[in-house]
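Coordinate analysis (summary)
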Amino acid sequence: MTDLGPARGESTQIDTARWHQMEVPSVLRELGCDAEMGLDDLEVTRRQSVYGPNALEESLENSLWRMVWAQFSDIMIVVLLVAALVSGLLGELADTLTILVIVVLNGVIGFIQEARAQKALAALRKLSPAEAYVIRNGQPQLIRADELVPGDLVQLQAGNVVPADIRLVDTTGLLVDASTLTGESEPVEKNADPIEAAELGVGDRANIAFKSMPITRGQAKGVVVSTGKNTEIGQIAALLSKQKAVKTPLQHRLAVFSKQLAIVVICICAIIFAIGIAQGQMPVIMFLTAISLAVAAVPEALPAVATISLALGARRLGHRKALVRRLAAVETLGSVTFICSDKTGTLTQNRMSVERVYADGQLHEAIENANVDNPLWAHLGAALALNNTVDDGSGELSGDPTELALHAAAENAEFHKQALSVKYPLVTDLAFDSERKLMTTLHAAGEGAVAYVKGAPEVLLEICTNALGGSGLGAFEKQAVIEAAAELAANGNRVLAIAYREFAEVPEQRSAQALEQQLSFLGLIGLLDPPREGAAEAVAACKSAGIVPVMITGDHPKTALNIAVQLGITDRDAPVITGAQLAALDDAALQAQVRSTKVYARVDPAQKIRIVQALQEVGEFVAMTGDGVNDAPALKRAGIGVAMGERGTEVAREAADMVLLDDNFSTIVAAVEEGRRVFDGILKFIKYTLTSNAGEIWTLLLAPLLGLPIPLLPIHILWVNLLTDGLPGLAFTAEPAEKNIMNRPPRSPDESIFSRGMWQHILWVGLLIGLLSLAAQGWAYERAPAHWQTMVFTVLVFAQLFQALAVRSRIQSLASVGLFSNPHLLAAIAITVVLQLVVIYVPVFNTIFHTEPLPLSYLAICFGLGSCVLLAVEFEKLCRRSGWFSSISTAHSA
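The rules behind the values
Residues numbered from 1 in each chain as written. Predicted model: local features only at pLDDT ≥ 70, side-chain atom pairs only at ≥ 80, totals over all residues. Heavy atoms only, no water. Buried < 20%, exposed > 50% of the residue type's maximum accessible area, 1.4 Å probe, protein only. Helix = DSSP H or I, 4+ residues; strand = E, 2+ residues; numbered from the N terminus. Arc of directions from axis to C-beta. Axes fitted to C-alpha atoms, helices over the stretch in contact; angles between N-to-C directions. Parallel < 35°, antiparallel > 145°, perpendicular 65-115°, else oblique. Left-handed = near helix turned anticlockwise from the far one by under 90°. Nonpolar A, V, L, I, M, F, W, Y, C, P; charged D, E, K, R; others polar. Phe/Tyr/Trp six-rings, centres within 6.5 Å; stacked < 30°, edge-to-face > 60°. Lys NZ or Arg CZ within 6 Å of the ring centre and 35° of its normal. Pairing = 2+ DSSP bridges.

Side note on helix H2 (residues 24-31)
For H2, the set of buried residues is Val24, Val27, Leu28 and Leu31. Down the axis of H2, the smallest arc covering the buried residues is 95°, so these residues share one side. In H2, the exposed residues that point more than 90 degrees away from the buried face are Pro25 and Arg29. In the stretch just after H2, glycine 32 is the one whose phi turns positive, near 65°.

What follows is the structure in structure tokens.
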């Protein structure tokens, strides 16, 4: 046996591209394998020490401390922890504890969600096959697949999954499902013949069976050429590990927001402190006031609101069969501008179906029922049922996907294989092979026999002498049939021709030469992997939401275009870019046309990444969906990766941010809507809390300038902040989706949180709250000197609660949104009002908070002043709906 040392072994595994060019004896000699005996145990042990196990290197799951650290490393959390420390130093232990509870709650929710996702994915990993049939020491053995080594002689048969990359030595009618690696819907024929061409993709190396491909028909023997990380799947996994996850829009926006907020808060506090000192206030009081304002200005509930919103969104999606691995993925889908989807198993069903039947000169959608008195349909239905390798005896169908499609078409027309097999028992069959490109079954029929033949049209039509029609045998219009076959193929169909021949008696000669001649043509069958139910509606919903769907597949261009047209992704005249064309484009040329291209075909994994990167370079935020190993690197590189749970491979699921447990593309549309709802809720909270904080800042800033005393004590500032940012803020997590949420374009990932009038709203409504508070102070300072500070305190609380109602929609009025559509917010407002009244009217709290009980008339004034905020913001929304702000903007720009 040829010695295969470590150095040689390494090069053997890495240089996988050359095995398809070599003759079988050369392959066996190079790998030191005997064609009959295989490897011996000693050599297997030696090679296992060289190459290691035949297994993909599993990505290390997040350790406990990494998962915990990830929950507390965000800049907003750091700002909050600093605020908690300062509050503690000031003696405000209640505020310190409140902030710490919020931070810990935020971390616990994020940790639990990530841990659940890790456990769910670990369960999905157990679905991988684990055994292989090998010949060692001249004896067939069943071993664990991870024990295979290069040079092992492996036996393959229908139902197996290829356990490693294998150069085929001998095949008999072998068909494999290559969809996980190439995206092809149809099974691919494999053989042992060498191929001259050097540079070939995975889909074109017909003499190599690659790891993870299921065997759908036939049997074979082959020699292992690559194992583990050196297989094609292993190389894709390595490519995957080099891709860095893209920061989500929410993470980016909140990080920028936190930095900006920290700078603004420091500047404002310095100004407040300086003004107070200039006015002659005690430095200690002004320092405490400035620090209290700094703590109050930080929206400590924001992390909790964001996390709870995302967790609730993830929970809702879980009920709809979408497993969220990262919480941020929920919001991310709401920002997606392009969805790049694999075709096979994602947009289509990953099963073949008879779509068209050409018979008697006409196209039909299906074959006629068996009860119809027509010789053409009787023979064509019987041919589909009998000339078929599907095993339906056990009640559970098994077989090649194309055969299953033909069997289903026959069954649907009531041509039942079991019943027909009794009436026309099988005499012999000639299996399909790559040379004849035909399959024939011979059946006894009374005293005679009938042969049914199917195969490639270009072969079968040449051996037909006449055609069967509804009225019997007639002339064979060969050219018309050729044109019909071409039209079916142009529409992406796989085309099979069907014919038959009757014999007066059962022939003794049963060779292909004897049976496959002088045939009578029956018809053409067009097969397709049909679109998934609801996929077309999902595509339409994406387009109406301003999201561009793109198909990226390893399948043939015609097939890809046909499915894309059926789903509404593009039109019939649209260009399709193939992998070869893509390779010829430089990055600049690709970026110039990437926005307008909707279908890519025959692309490899690295090219999928190029497409995603090109879209990202021109400013798009990309979601990538897929189920195959070939999708995994692009899933990780995309802004959000969405993998299929049922058909999805382990590598794809590991790379994804979200897993669709039902493999339904339509679920993505629900996820997009949920993502937009979540982000809207977070945005509404930010708008609400910053406007409220701005009101407090304006109150403290303007009072000294107007000759009024500092209106609030540090404890008042902290209480208002705790009260109004707490329950009302958290209630925004339950805010329902707005009516037009899926009829508006996606928000740009680079768009600031403060865009679309946000900062203007914060500025002017905050100023309004400040002026209303100072109006109460100015009115009561002379008339009710014991109550003025309590009135300012209460106006601030009421004004902020009315602001919470007002910001529930940027455009629609509160009446249109529905006052009772978010009962959680109403309950939070009611509880907040009660707590404020307790502070005003319960004696023990009067002492703690330095408040005085207000007469009901004064309380009514506070309520009336606070309600002005709701009226003012409703007027602002009315102006937006009427386009008044747009008119001002246009006139200003002119």
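There is more to say, and it comes next.
Regarding the packing of helix H30 (residues 788-806) against helix H34 (residues 856-882)
Pairs of packed helices are described in terms of their axes, by the angle between the two and the distance that separates them. Two elements in contact, H30 and H34, have axes whose closest approach is 8 Å; the angle formed by their N-to-C orientations is 30°. Taken together, the axes of H30 and H34 lie roughly parallel to each other. Along this stretch, H30 crosses H34, giving a crossing that reads as right-handed. Its residues assigned to classes, the contact of H30 with H34 comprises 15 nonpolar, four polar and two charged.

Description of the packing of aromatic side chains
What the rule picks out here adds up to eight aromatic pairs. Relative to phenylalanine 521, the ring of phenylalanine 476 has its centre 5.4 Å away and its plane inclined at 35°; by these criteria the two rings are tilted. With a gap of 45 residues between them, phenylalanine 476 in the loop between strand E16 (472-474) and helix H17 (478-490) and phenylalanine 521 in strand E18 (residues 519-528) connect regions that are remote in the sequence. Residue classification places phenylalanine 476 among the buried residues on the basis of a relative accessible area of 15%. For phenylalanine 521, a relative accessible area of 4% translates into the label buried. Pairwise contacts between aromatic rings join Trp719, Phe845 and Phe849 into one cluster. Above the plane of the ring of tryptophan 19 lies arginine 18, whose end atom (NZ or CZ) is 4.7 Å from the centre.

Let's talk about the pairing of strand E17 (residues 494-503)
E17 sits mainly inside the fold: eight of its ten residues count as buried. As paired strands, strand E14 (residues 448-455) and E17 are joined by seven bridges and run antiparallel to one another. Note that in E17 the partner of glycine 455 across the bridge is alanine 497. Pairing geometry for E17 and E18, over seven bridges, is antiparallel. Within E18, the residue paired with arginine 494 across the bridge is leucine 527.

Treat this as a map of the structure, not an account of what it does.
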